[in-house]
Amino acid sequence: MSEAEYFRLCTTCKRPIGFATDYLQCSVSTCNRNKLAQFFCTLACWDAHLPEARHRDAWAEPMKAPTREAFRREQQEEQERDARSSARESRESAMTDEADKRRRIVGAPASPQDLPEEVLIVVSKLKAYVKARSGMNTSDGVVDVLSTKIRRLCDAAIEVAQADGRKTLMDRDFK
Ligand SMILES: [Zn+2]
Ligand SMILES: [Zn+2]
């Protein structure tokens, strides 16, 4: 990455705001949100954003730009944070891919902990049943609990079918 030459560009006039120099920020929080944050080199530039922003009550807040050193450190930390979170994401998707692959290969079983904890029941039908049977609503957590129970029942039945030397799970495998 090339070294930054300045801290930010002025939102209005696009002139660079240098490191360790004074600049202005709008007092309204929506003008300072992360990626959309606005920076102004002079009061005139801050004034210029007012007609469009239509703030009810706003003033310009004097700020001091960080030094080049501090700025670089901040950026580095941000990059490391990003790198960590994208590494976590790719690890998670790699795990799902791996489980998918194994499911596609016949006879290559995935162990239960490799498989995503998916919902195995038709939620709308479950809720309709509970409603019709009792008038009760069903909370979302119930869906996970039942899916886990179904996984357990299938795991046990799979063992019965395997002991029987079969490749097909059958109703009689569920005791
Ligand atoms: Zn400006
Ligand atoms: Zn503003």
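Up top is the structure.
Residues numbered from 1 in each chain as written. Chains lettered and ligands numbered in written order. Predicted model: local features only at pLDDT ≥ 70, side-chain atom pairs only at ≥ 80, totals over all residues. Heavy atoms only, no water.

A. A look at unusual backbone geometry. Of note in the backbone geometry, K14 takes a positive phi value of approximately 65° without being a glycine. Relative to the helices and strands, K14 is located in the loop between β1 (8-9) and β2 (16-17). Here the phi dihedral of A20 falls at roughly 60°; this positive angle occurs in a residue that is not glycine. Its location among the elements puts A20 in the loop between β2 and β3 (22-26). (Helix = DSSP H or I, 4+ residues; strand = E, 2+ residues; numbered from the N terminus.)

B. Fine view of the coordination of the zinc ion (ligand 1). Every protein donor of the zinc ion (ligand 1) is listed here as C10 (SG), C13 (SG), C41 (SG) and C45 (SG), and their distances to the metal cover 2.2 to 2.3 Å. Coordination at the zinc ion (ligand 1) is tetrahedral, judged from the 4 donor atoms that bind it and the angles of 102 to 115° they form at the metal. Between consecutive donor residues of the zinc ion (ligand 1), the sequence gaps follow C-x2-C-x27-C-x3-C. You can see C13 sitting in the loop between β1 and β2 and its partner C45 sitting in helix α1 (residues 43-48), a full 32 residues away along the chain. With a relative accessible area of 28%, C13 lands in the partly exposed category. (Donors = N, O, S within 2.8 Å, 3.2 Å for Na, K, Ca; no water. Tetrahedral: all angles 85-135°; square planar, octahedral: opposite > 155°, others 65-115°. Buried < 20%, exposed > 50% of the residue type's maximum accessible area, 1.4 Å probe, protein only.)

C. Local environment of a positive patch on the surface. On the surface, R81, R84, R88 and R91 cluster together to form a positively charged patch. Residue placement: R88 occurs in helix α3 (residues 68-104). The class for R88 is partly exposed, based on a relative accessible area of 46%. (Patch = residues over 30% accessible without salt bridge, like charges linked within 9 Å, V, L, I, M, F, W, Y side chains within 5 Å. Areas by Shrake-Rupley, 256 points an atom, 1.4 Å probe, with all protein chains shown as cover. Salt bridge = Lys/Arg side-chain N within 4 Å of Asp/Glu carboxyl O. Lys, Arg positive; Asp, Glu negative; His and termini not counted. Charge placed at Lys NZ, Arg CZ, Asp CG, Glu CD.)

D. Expanded view of the pattern of salt bridges. This model, assessed by the stated rule, comprises 7 salt bridges. With a closest N to O distance of 3.5 Å, R172 and D164 form a salt bridge. Judged by its relative accessible area of 48%, R172 is partly exposed. Within the structure, one salt-bridge network assembled from shared partners comprises D164, R166, R172 and D173.

E. Local environment of the packing of helix α4 (residues 123-134) against helix α5 (residues 140-163). The interhelical angle for the contact between α4 and α5, taken along N-to-C directions, is 110°, at an axis separation of 11 Å. With respect to α5, the element α4 is oriented roughly perpendicular. Between α4 and α5, the residues in contact are V123, L126 and K127 and D140, V142, V143 and L146, respectively. Partitioning the contact of α4 with α5 into residue classes produces 5 nonpolar, no polar and 2 charged. (Axes fitted to C-alpha atoms, helices over the stretch in contact; angles between N-to-C directions. Parallel < 35°, antiparallel > 145°, perpendicular 65-115°, else oblique. Contact = heavy atoms within 4.5 Å. Nonpolar A, V, L, I, M, F, W, Y, C, P; charged D, E, K, R; others polar.)

F. Geometry of the pairing of β3. Of all 5 residues making up β3, 4 are buried, and the element is well covered by its neighbours. Where β3 meets strand β4 (residues 60-64), 5 bridges bridge the pair, whose relative direction is antiparallel. For D22, the partnering residue across the bridge sits in β4 and is K64. (Pairing = 2+ DSSP bridges.)

G. Structural context of the environment of Q38. In this fold, Q38 is placed in the loop between β3 and α1. In this structure the C-alpha to C-alpha distance between Q38 and E80, which are 42 residues apart in sequence, comes to 24 Å.

H. Structural context of the coordination of the zinc ion (ligand 2). Around the zinc ion (ligand 2), the protein supplies C26 (SG), C31 (SG), H49 (NE2) and H55 (NE2) as donor atoms, at distances of 2.0 to 2.3 Å. In this structure, the zinc ion (ligand 2) is surrounded by 4 donor atoms whose angles at the metal cover 95 to 118°, and the resulting shape is tetrahedral. Here the donor residues for the zinc ion (ligand 2) map to a single chain with the spacing C-x4-C-x17-H-x5-H. Here H49 lies in the loop between α1 and α2 (50-53) and C31 lies in the loop between β3 and α1, a separation of 18 residues in the sequence. A relative accessible area of 3% places C31 in the buried class.

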